[in-house]
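# Examination of the molecular architecture
If you want the building blocks of each chain, they are given just below.
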Amino acid sequence: MRLLSILTCSLLFSATAEFNVQGMMCGVGCASKIKTHIGSLDGVSKCDVNFDKGLLTVEYDESKMDDQAIVKTLNDKTTYSCSVKEDKPKGFFKRIFSWF
């Protein structure tokens, strides 16, 4: 029963967001630096960097993290410029509340 409630909570609070990242010079060192900074944030479960597209994709627990915290972390702790790619709500609660 406890496992079911943990899985349910993780599904409810799970969100995926995409970010534009400018200023990357390579697909190895720059991508690794971004993954290190974003992956260490509490609530982030997955972080992928696509150097060719200048795109960062992050899966996170929206009860612990939000898009703006990810943007702020990357902009403050690196030389890259980061912005939210899409303003569409991606998390469960954001999708529900966007209907109203």
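Whatever comes next refers back to the structure up there.
The structure contained in this document is the topic of the report that follows. (Residues numbered from 1 in each chain as written. Predicted model: local features only at pLDDT ≥ 70, side-chain atom pairs only at ≥ 80, totals over all residues. Heavy atoms only, no water.)

This brings us to the nonpolar core. General note: in soluble globular proteins, nonpolar side chains tend to be found buried as a group. In this structure, I34, I38, L56 and I70 are the most contacted members of the largest nonpolar core, which totals 22 residues. Put simply, the parts of the chain that give this core at least two residues each are β1 (14-22), α2 (29-39), β2 (44-50), β3 (55-61) and α3 (67-77). Setting aside residues no more than four positions away along its own chain, L56 makes contact with A17, E18, F19, V21, I34, I38, C47, D48, V49, I70 and L74. (Core = buried A, V, L, I, M, F, W, Y, C linked by side-chain atoms within 4.5 Å. Buried < 20%, exposed > 50% of the residue type's maximum accessible area, 1.4 Å probe, protein only. Helix = DSSP H or I, 4+ residues; strand = E, 2+ residues; numbered from the N terminus. Contact = heavy atoms within 4.5 Å.)

Take α2 next. Listed in full, the buried residues belonging to α2 are C30, A31, I34 and I38. Down the axis of α2, the smallest arc covering the buried residues is 95°, so these residues share one side. Contacts made by the buried residues of α2 are with β1, β2, β3 and α3. (Arc of directions from axis to C-beta.)

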